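# Fold and contact review
Now for the letters of each chain:
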Amino acid sequence: MEVVIVPDAAAGGELIASAIAHLLTGKPDALLGVATGSTPLPIYQALATKVRQGAVDVSRARVCQLDEYVGLPAGHPESYRSVVLREVVAPLGLSEDAFLGPDGGAADIAAACAAYDRALAEAGGVDLQLLGIGTDGHIGFNEPCSSLASRTRIKTLTQQTREDNARFFDSLDEVPHHVITQGIGTILEARHLVLLATGEAKAEAVALSVEGPLSALVPASALQLHPHATVVVDEAAASELKLADYFRATYAAKPAWQHL
Ligand code: GLP
């Protein structure tokens, strides 16, 4: 696992957007797995800026969703489908045809989950999966004690996650209890995992994930199992890392040709 400590969220966004641009240069139709929440927004903004400047061609890129709420009315502005279309697909000038996501409104949720795993495989698999991290260490919506081998399935949110996400809704009562999420096993099939964490509230979860034992109690610790996982953190999110100086020195000495 590579840990990169950046000065702030904007620098993290720029670094990861550059990695995506590099990927698309070699594979113009790459499948990008995108995350929601506040953390990845600087990545999407930096990437859209590169597109406007003509620094990267995203016209053949494809985008897929990590997770989704269950039961929000179609077109609800806070469904993750709406969020990804608004924050990623539209600013990059992509069409909805380039977008894959699970159906959170399906009558048969189990079938919709299995269909989404199949769709990802049929699309050739995810090339680069962006991840955020919950304050409890969740990735996607894989809450603590999710199986490290799990596939896309329905999960029940913890009270903590519902409270964390209530800021996107008018009240806590409106935050769904149930979600669909790519499983940890599904996420681990992506060719490159890139987790961005910013702010002090994520420091403990980051330290447990990067330096703690592999544990279903801390779902993001599953990144330790992946051969190409990159964790980008700002100084605040890095503040509980014991090996911070080592991570800084390693990245400072990294040959540029290696990219992320
Ligand atoms: C939600 C999403 C996660 C995201 C997390 C953290 O739970 N399902 O993918 O990582 O929120 O969000 P934020 O980046 O806003 O802290």
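Preceding block: the structure.
All values derive from a computational prediction rather than experimental measurement.

### Description of the environment of arginine 86
Turning to its location among the elements, arginine 86 is positioned in helix 3 (residues 80–89). We classify arginine 86 as partly exposed; its relative accessible area is 39%. Reaching out from arginine 86, the side chain makes a polar contact with the backbone oxygen of proline 77 at a distance of 2.9 Å.

### Brief notes about the environment of leucine 188
Within the secondary structure, leucine 188 sits in the loop between helix 6 (184–187) and strand 9 (192–197). Look at leucine 188 and you get partly exposed, because its relative accessible area is 22%. Spatially, the C-alpha atoms of leucine 188 and alanine 61 are 21 Å apart, while their sequence positions differ by 127 residues. Setting aside residues up to four positions removed in sequence, leucine 188 forms contacts with Leu148, Leu193, Ala222, Leu225 and His226.

### What to know about the sheet that holds strand 5 (residues 99–100)
Taken in spatial order, the 7 strands of this open sheet run 1-10-9-6-2-3-5, and their pairing is parallel. What marks the edges here is a single partner per strand, and that holds for strand 1 (2–6) and strand 5. Both strand 2 (residues 31–34) and strand 6 (residues 128–131) contribute to a ladder of 2 bridges, which runs parallel. Directly across from leucine 32, in strand 6, lies its bridge partner leucine 128.

### Describing the pairing of strand 6
A two-sided burial pattern is seen for strand 6, the buried positions comprising Leu128 and Leu130 on one face and Gln129 and Leu131 on the other. In terms of strand pairing, strand 6 meets strand 9 through 4 bridges, oriented parallel. Opposite leucine 128, over in strand 9, you have histidine 192 as the bridge partner.

### Structural notes on the packing of aromatic side chains
Using the criterion set out here, one finds 5 aromatic pairs in the structure. Measuring from centroid to centroid gives 5.5 Å for tyrosine 69 and phenylalanine 141, while their planes differ by 50 degrees, and the two rings are tilted. With tyrosine 69 in strand 4 (residues 67–69) and phenylalanine 141 in the loop between strand 6 and strand 7 (153–156), the pair connects residues that are 72 residues apart, well separated along the chain. We note that tyrosine 69, like phenylalanine 141, is buried. Measuring from centroid to centroid gives 5.9 Å for tyrosine 246 and phenylalanine 247, while their planes differ by 50 degrees, and the two rings are tilted. Take phenylalanine 247: its relative accessible area is 9%, and that puts it in the buried class.

### As for the state of the cysteines
Counted according to the given criterion, the structure contains 0 disulfides. Not part of a disulfide, cysteine 64 finds its nearest cysteine sulfur in cysteine 113, a span of 15 Å. On the basis of relative accessible area, cysteine 64 is assigned to the buried category, the value being 0%.

### Digging into the sheet that holds strand 7
Strand order across the open sheet formed by 3 strands is 4-8-7, with antiparallel pairing between neighbours. Each having just a single partner strand, strand 4 and strand 7 make up the two edges of the open sheet. Neighbour-to-neighbour, the strand axes of this sheet turn through a mean angle of 30 degrees, independent of strand direction. Bridge count between strand 4 and strand 8 (residues 178–181): 3 bridges; the pairing is antiparallel. Across the sheet, tyrosine 69 pairs through a bridge with valine 179, a residue of strand 8.

### Details of the site of the ligand
Close contacts around the ligand come from 15 residues, with Ser38, Thr39, Asp67, Arg167 and Lys202 the closest. The contact in question runs from a nitrogen atom of the ligand to an N or O atom on the backbone of glycine 140, over 3.1 Å. One of the side-chain N or O atoms of lysine 202 is found 2.6 Å from an oxygen atom in the ligand. Across the complex, the protein chains shield 94% of the 390 Å² of accessible surface that the ligand would expose by itself. Broken down by class, the residue content of the shell around the ligand amounts to 4 nonpolar, 8 polar and 3 charged.

### As for unusual backbone geometry
Backbone geometry places cysteine 145, a non-glycine residue, at a positive phi of 75 degrees. Among the secondary structure elements, cysteine 145 is positioned in the loop between strand 6 and strand 7. A positive phi angle, close to 50 degrees, is found at histidine 259, a residue other than glycine. Turning to its location among the elements, histidine 259 is positioned in the segment after helix 8 (244–252). Histidine 259 gets classed as partly exposed once you look at its relative accessible area, which sits at 38%.

Rules used in this analysis
- Residues numbered from 1 in each chain as written.
- Predicted model: local features only at pLDDT ≥ 70, side-chain atom pairs only at ≥ 80, totals over all residues.
- Heavy atoms only, no water.
- Helix = DSSP H or I, 4+ residues; strand = E, 2+ residues; numbered from the N terminus.
- Buried < 20%, exposed > 50% of the residue type's maximum accessible area, 1.4 Å probe, protein only.
- Polar contact = N/O pair within 3.5 Å; in protein donor to acceptor, adjacent residues only side chain to side chain.
- Contact = heavy atoms within 4.5 Å.
- Pairing = 2+ DSSP bridges.
- Phe/Tyr/Trp six-rings, centres within 6.5 Å; stacked < 30°, edge-to-face > 60°.
- Disulfide = S-S within 2.5 Å.
- Axes fitted to C-alpha atoms, helices over the stretch in contact; angles between N-to-C directions.
- Near = heavy atom within 4 Å.
- Areas by Shrake-Rupley, 256 points an atom, 1.4 Å probe, with all protein chains shown as cover.
- Nonpolar A, V, L, I, M, F, W, Y, C, P; charged D, E, K, R; others polar.

By themselves these figures say nothing about function.
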